[in-house]
Amino acid sequence: MAALWEQARPAVFAYLTATIYDFHRAEDLLQEVAVAVATKYHTYEPERSFLAWSIGIARNRALLYFREQARDRQHFSDATLQTLGDAAEKLAQEEGSLKREALRHCLARIVGRRRRVLDLRYTGERSIADIAGELEMTGNAVKIMLHRVRATLEECVSRRIAQERVTH
């Protein structure tokens, strides 16, 4: 559940900041949504999009906020809130797809021993000590290599995404 929430959280927050004028109140609502997601997780149906489900909870919290703030004329209709929620979900899915494609591209460029260390750690789910023993390296050398490879991948993915955004 925590991993799903961490993936959905940026899109949920984008939705809330797009609908709530007060940034700090949007942050407060995000926390309320996080609590609601955690307490209602048992009602979540896995065949449904977790992001859509989370944005639905955020939409309900936003509606409740606007009802409480009824004297304030600056609020959105239910239809507008639905449209904003749909847009936030679509953007999050596109961003995830773009990141996955960039990561695939960047991983293809990692070869040799560096690739072997990555595969053992993340595909084989092996411990640092196991990898060090198998590749005749020290544990520190494995940690340093993993750190450098992850930094290289992060930089490559960021660069690739930036290039994709420029070309599209």
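Residues numbered from 1 in each chain as written. Predicted model: local features only at pLDDT ≥ 70, side-chain atom pairs only at ≥ 80, totals over all residues. Heavy atoms only, no water.

On to the pattern of salt bridges. Tallying each qualifying case throughout the model produces 9 salt bridges. Residue Glu32 pairs with Arg25 through a salt bridge whose shortest N-O separation is 3.4 Å. Overall, the relative accessible area of 28% leaves Glu32 in the partly exposed class. Glu134 is the salt-bridge partner of Arg126, the closest N and O atoms lying 2.7 Å from each other. Look at Arg126 and you get partly exposed, because its relative accessible area is 26%. Note on Glu134: relative accessible area 37%, which makes it partly exposed. Salt bridges sharing common partners tie together Arg25, Asp28, Glu32 and Arg61. (Salt bridge = Lys/Arg side-chain N within 4 Å of Asp/Glu carboxyl O. Buried < 20%, exposed > 50% of the residue type's maximum accessible area, 1.4 Å probe, protein only.)

Here we come to the state of the cysteines. Each disulfide is one covalent bond, formed between the sulfur atoms of two cysteines. Tallied over the entire structure, the rule returns 1 disulfide. The partner cysteine of Cys106 in its disulfide is Cys156, sulfur to sulfur 2.0 Å. When the S-S torsion is -85 degrees, as for the bridge of Cys106 with Cys156, the disulfide is left-handed. Of this pair, Cys106 sits in helix α4 (residues 78–108) while Cys156 sits in helix α7 (residues 139–167), and the two are 50 residues apart along the sequence. Here Cys106 and Cys156 have matching classes, each one buried. (Disulfide = S-S within 2.5 Å. Helix = DSSP H or I, 4+ residues; strand = E, 2+ residues; numbered from the N terminus.)

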